[in-house]
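# Remarks on the overall topology
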Amino acid sequence: MLLPFLGSPAASADSVAAASVPHPVQYVDPLIGSSDGGNTYPGANLPFGMIAWSPTSTNGDQTNTAAANGYSYNTTRLRGFSLTHVNGAGCHPGAAGDIPIMPFAGSVDSSPTADTKDAKYAAGFSHADETAEPGRYRVGLDSGVTTDLAVSERAGAADFTFPADKPASLLFRVSNSLNGSEDAHVDIDTAHNKVTGWVETGAFCGRRANGGTPNNNRKSYYRLYFTAAFDRSFSGVGTWLDNQLSPGSISTSGGEGYLTGADRAGRGSGGYVSFDTGKDNNVHMRLGISYVSLAGAEANLRGEIAPNASVEDVAKAGKGAWNRALKSVKISGGDEDRRTAFYTALYHALQQPNLISDRNGTYVGMDRKVHTLARGQKAQYSNFSGWDQYRAQVQLLALLKPRVAGDFAQSLYNFAQQNDGIWDRWVHISGATHVMTGDPSAATLATFYAMGVRNFDVQGAFDSLYRQATVPHPSGLSDAGCPGQCEGNRPNLAQYMKSGYAAQDQCHCWGGAAETLEDSVADAALAQWAKQLRRDEEYKALTKRGGYWKNVYNPVATPDAGYIQARNADGSWVTPFSPSSGLGFAQGSAATYLWMVPQDIQGLAAAMGGRDKAASRLDAFFHNTDGSWSVSGGDALRYDPTNEPGIHAPWLYNALGQPWKTQETVRQILDTVYGTGPAGLPGNDDLGTMSAWYVFSALGIYPKAPGSADLLLSAPVFPHAVIASAGDRDEITIDAPRATDINRYVNSVNVDGEKHDSSWVDGSFTRRGGSLAFGVSAEADTRWATDPSNLPH
């Protein structure tokens, strides 16, 4: 259910400051976004952690799951609790979901892999018996088993309480990752009460092809190791391979492959351990994981969870870790639902990137070799949904956790060095998946630097990204995986540099128009980075390329208006053209991509005939012809809050001299397409991107463009907020004492106590910190921040 919001006024900034939320973790609901395509998962994790222990649901197909990333609130049947997940990715069935462990109350008398419909070795549950909170997940199954999970960064603890009158077993379904597996292995050590093993897998987006080669990503690019230790002996053991059960066996191997349905069902391996519950029906397990080795998994477990640690102990520590992370933004005022939506969004935004390095500093690189962290780097991170995250999530990461952002920047550079210089646009664990389009790494690292992040090899990373943007690579002429997983990161770069746009008939990309816009954003961001590094030659060249979007703007695309439109190599426009068409674009229409020029909104407005005409067209993007709102998606001609290309569009009115329309549009979206309950996200969270949009928008600030630290301003929803100091930045305080559900319009702003008549603040404020004080009211102020000389540029 999507619940509406009601604001609550506050008497003064001082009074609300005293009432800041002391324990923000209490307002997090991990079930938000777990239905209606949000694709979040409710299981136990820590900020940026490696392990994410969460249920895998089933609709009766062993090779599929009820939603991307393993869990759907509307499906109440589970076949295991998997150790790894990715937050909010859209490819069904997502990624990871490795090593599902299923508590089974009954006799294991057949191979679980032969249970292709999940009829026997799965169980239903009721949401009344389910509790999800940061760092912990509990559920009672219809079988009578209760599962209680809690995690550290690379390890976890579990209690399984079985019915005393039934056989009790744990099934380690080592081959049953969400997308399948190339191989898997399990060993059972009865002398030491341990189960160990691994899975060789990958295949993100391997089930789908976005119209391209079906098996382009049906490949392995990582191995996950695990070790599970028990505090009691086993009463029975066994393994299975495909349809053959082997009671008493202690070792087996076998993968499922990466096919689907009947082509994969009934394949794979695993092992089980059974327990005598006559006197004690509780089974306690501690478990560690590693992407490097079994020894690494053992060391991670030893270093993070003590032998006598209970689930309660681990959960308490995890709750504390989340509370500290969430206190990076302290709010006061607002009602319960608004606080829940806000802190859950912050929770989702701070789940990634994810650790892939062990406690000893080793990790597996993109070359599948073991590497050790360089001096100064604290962790190797992965899971980079670049096309999504560069628009909002990376800015929030840099603002709140600059140390993590720097290590993440170094991590991506490390991967590129191990991948023949290619910065892949969608990195999963140690794999280059090629998913989506553009060059989001350039936009991301340029943004990090602009926002003050410095703890990475700045010169080396810039040189590498500049080389990628200017020196063609052979992969850029490949059509493998196209259109949705094209191998080349700067496809057909020679043609792009010659023509000034990606030719639809020669680009080897998802869509020529989208690729041109994406590369223009990336190059403009790199240009700003080059300027800060005093690389004048690169700055001039990249600045020119940042304007290549103009080469795909057709001023007469329709009889009434100009649009972004794909072009062929001979300069001709690709026809037929319709504003509602996706031809030449990636997961969006021409109407949506028209606005994807955040680096040059003034230039875009000029191309449209001026700011007033541009604002009128933007009005039509958010409203039906009768003037009613259209901000929930489903209309290709209008705003789609469920996907990334247009999520910045509500903020463009600031640059067009009509900031009151940003204020009312942003608040309309906050109040209607976001909310509490499982349907509280508008679409795929995309590794925290949609959640980051909410966090920024609720605070009344939003990143102006990639490669910049400038912030656009709107009306905060909370009377008081404090963004904690981080790195070299002092805290940022945001006061709007009269903020309510009704008072959604800005009539004044003070920056550090001085009157401020612009609808944006420059990057120096973002980097140093300071205070923002908003005057807000129920009526739009059509004069504030409208002076053409003070507009965002």
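What counts as what
Residues numbered from 1 in each chain as written. Predicted model: local features only at pLDDT ≥ 70, side-chain atom pairs only at ≥ 80, totals over all residues. Heavy atoms only, no water. Helix = DSSP H or I, 4+ residues; strand = E, 2+ residues; numbered from the N terminus. Rg over C-alpha atoms; globule rule 2.2 N^0.38 Å. Buried < 20%, exposed > 50% of the residue type's maximum accessible area, 1.4 Å probe, protein only. Pairing = 2+ DSSP bridges. Disulfide = S-S within 2.5 Å. Core = buried A, V, L, I, M, F, W, Y, C linked by side-chain atoms within 4.5 Å. Contact = heavy atoms within 4.5 Å. Axes fitted to C-alpha atoms, helices over the stretch in contact; angles between N-to-C directions. Parallel < 35°, antiparallel > 145°, perpendicular 65-115°, else oblique. Left-handed = near helix turned anticlockwise from the far one by under 90°. Nonpolar A, V, L, I, M, F, W, Y, C, P; charged D, E, K, R; others polar. Phe/Tyr/Trp six-rings, centres within 6.5 Å; stacked < 30°, edge-to-face > 60°. Lys NZ or Arg CZ within 6 Å of the ring centre and 35° of its normal. Polar contact = N/O pair within 3.5 Å; in protein donor to acceptor, adjacent residues only side chain to side chain. Salt bridge = Lys/Arg side-chain N within 4 Å of Asp/Glu carboxyl O. pLDDT = per-residue confidence, 0-100.

Scanning the chain from N- to C-terminus turns up 18 helices and 34 strands. Scaling as 2.2 N^0.38, a compact globule of 793 residues should have a C-alpha radius of gyration of about 28 Å, and the chain matches this with 26 Å. Viewed in the frame of its principal axes, the chain has a C-alpha envelope of about 80 × 65 × 55 Å. Out of the 793 residues belonging to the chain, those deemed buried represent 67%.

Here we come to unusual backbone geometry. In this chain, H92 is followed by P93 through a cis amide linkage whose omega measures 5 degrees. Relative to the elements of secondary structure, P93 occurs in the loop between β2 (77-82) and β3 (101-105). Here C482 and P483 are connected by a cis peptide whose omega angle stands at 10 degrees. Secondary-structure assignment places P483 in the loop between α9 (458-470) and α10 (493-499). We note that A203 has phi near 65 degrees; this positive angle belongs to a residue other than glycine. Here A203 shows up in the loop between β10 (194-202) and β11 (220-230). Look at A203 and you get buried, because its relative accessible area is 1%.

If you walk across this open sheet you meet the 3 strands as β27-β28-β33, and the pairing is antiparallel. Each of the sheet's edge strands pairs with one partner strand only, and the pair in question is β27 (701-703) and β33 (760-761). Relative to strand β28 (residues 711-713), β27 is paired through 3 bridges, and the arrangement is antiparallel. Paired with I701 across the two strands is L713, which belongs to β28.

This paragraph deals with the sheet that holds strand β32 (residues 754-755). The 6 strands are arranged β17-β29-β30-β34-β31-β32 in an open sheet whose pairing can be described as mixed. Single-partner strands in this sheet number two, and they are β17 (329-332) and β32. Judged from the 4 bridges that link them, strand β30 (residues 732-735) and strand β34 (residues 770-777) form a sheet pairing that is parallel. In the strand pairing of β34, I734 is matched with L772.

Before going further, it helps to examine the state of the cysteines. A complete count under the given rule lists 3 disulfides for this structure. The disulfide that involves C91 links it to C205, with 1.5 Å between the sulfurs. Its S-S torsion of approximately 55 degrees makes the covalent link between C91 and C205 right-handed. Highlighted residues: C91 in the loop between β2 and β3 and C205 in the loop between β10 and β11, separated in sequence by 114 residues. Comparing C91 with C205 shows no difference in burial state: the two are buried. In this model C507 forms its disulfide with C509; the gap between the sulfur atoms is 2.0 Å. Between C507 and C509, the S-S dihedral sits near -90 degrees, and the bridge is therefore left-handed. Ordinal numbering of bonded cysteines along the chain defines a disulfide pattern of 1-2, 3-4, 5-6.

Another aspect to go through is the nonpolar core. As a rule of thumb, nonpolar side chains are buried together in soluble globular proteins. Of all hydrophobic cores here, the largest spans 221 residues; its most connected members are L170, F172, F230, M285 and W529. Considering each element in turn, this core owes the most residues, 10 residues, to helix α11 (residues 512-532). Look past the residues within four positions of F230 in its chain and what remains in contact with it is L170, F172, N193, V195, V273, F275, V283, H284 and M285. Listed in part, the 9 residues of the second largest apolar core include A150, A155, L301 and I305.

Now for the packing of helix α4 (residues 336-349) against helix α17 (residues 689-699). Where α4 contacts α17, the two axes come as close as 8 Å, and the packing angle between them is 130 degrees. Between α4 and α17, the angle falls in the class oblique. With respect to the hand of their crossing, α4 and α17 are arranged in left-handed fashion. Counting all contacts with α4, which are made through R338, A341, F342, A345, L346, H348 and A349, the residues of α17 involved are S691, A692, Y694, V695, A698 and L699. The residue makeup of the contact of α4 with α17, split by class, is 10 nonpolar, 2 polar and 1 charged.

For the rest of this paragraph, the subject is helix α2 (residues 294-304). What α2 keeps buried is the set G296, A297, E298, N300, L301 and E304. Against β7 (155-161), β10, β11 and β16 (282-290) lie the buried residues of α2.

Below, the discussion takes up the packing of aromatic side chains. Taken as a whole and judged by the stated rule, the model has 33 aromatic pairs. Members of the aromatic cluster, connected to one another through ring pairs, are W651, Y674, W693, Y694, F696 and Y702. Above the plane of the ring of W760 lies K704, whose end atom (NZ or CZ) is 5.4 Å from the centre.

A word on the side chain of S382. For S382, the location among the structural elements is in strand β21 (residues 381-382). Among the polar contacts made by the side chain of S382, one reaches the main-chain carbonyl oxygen of I429 at a distance of 2.4 Å.

In this structure, strand β9 (residues 183-189) lies alongside β10, joined through 7 bridges in antiparallel fashion. When the sheet's bridge partners are listed, I188 is paired in β10 with V195. Following β9, the chain reverses through 4 residues before pairing antiparallel with β10; N193 in that reversal takes a positive phi of roughly 55 degrees. With 3 bridges connecting them, β9 and strand β14 (residues 251-253) associate as antiparallel partners.

Let us look at the environment of K194. Inspection of the secondary structure puts K194 in strand β10. The sequence separation of K194 and G288 amounts to 94 residues, and the corresponding C-alpha distance is 12 Å. If near-sequence neighbours (up to four positions away) are discounted, K194 is found in contact with D187, I188, D189, T227, A228, A229, F234 and E298. Within the structure, the side chain of K194 is placed 2.6 Å from the side chain of E298, a separation counted as a polar contact.

Applying the stated criterion across every chain yields a total of 30 salt bridges. Across the salt bridge formed by D523 and R490, the nearest N and O atoms sit 2.9 Å from each other. Linking D523 in helix α11 with R490 in the loop between α9 and α10, this pair joins segments that are 33 residues apart in sequence. Summarising the burial analysis for this pair, D523 and R490 share the class buried. Residues R545 and D523 are paired through a salt bridge, measuring 3.0 Å at the closest nitrogen-oxygen approach. Placement of the pair is R545 in helix α12 (residues 536-545) and D523 in helix α11, with a sequence separation of 22 residues. Accessibility assignment for this pair places R545 and D523 in one class, buried. One connected set of salt bridges, linked through shared partners, spans D439, R490, D519, D523 and R545.

We now examine the pairing of β10. For β10, the buried fraction is high: 8 of the 9 residues fall into the buried class. Examined bridge by bridge, β10 and β11 share 9 bridges and lie antiparallel to one another. Bridged to V199 within β11 is L224.

For the rest of this paragraph, the subject is the confidence of the model for the chain. Where the model shows low pLDDT, its predicted coordinates should not be examined in detail. Mean pLDDT over the chain: 95, with 97% of residues reaching 70 or higher. Low confidence marks residues 3-18, where pLDDT is under 50. Its contacts with residues over four positions away, or in another chain, come to 41 contacts.

This paragraph deals with the environment of P737. You can see P737 is positioned in the loop between β30 and β31 (745-751). With 21 residues separating them in the primary sequence, P737 and P716 have C-alpha atoms 9.7 Å apart.

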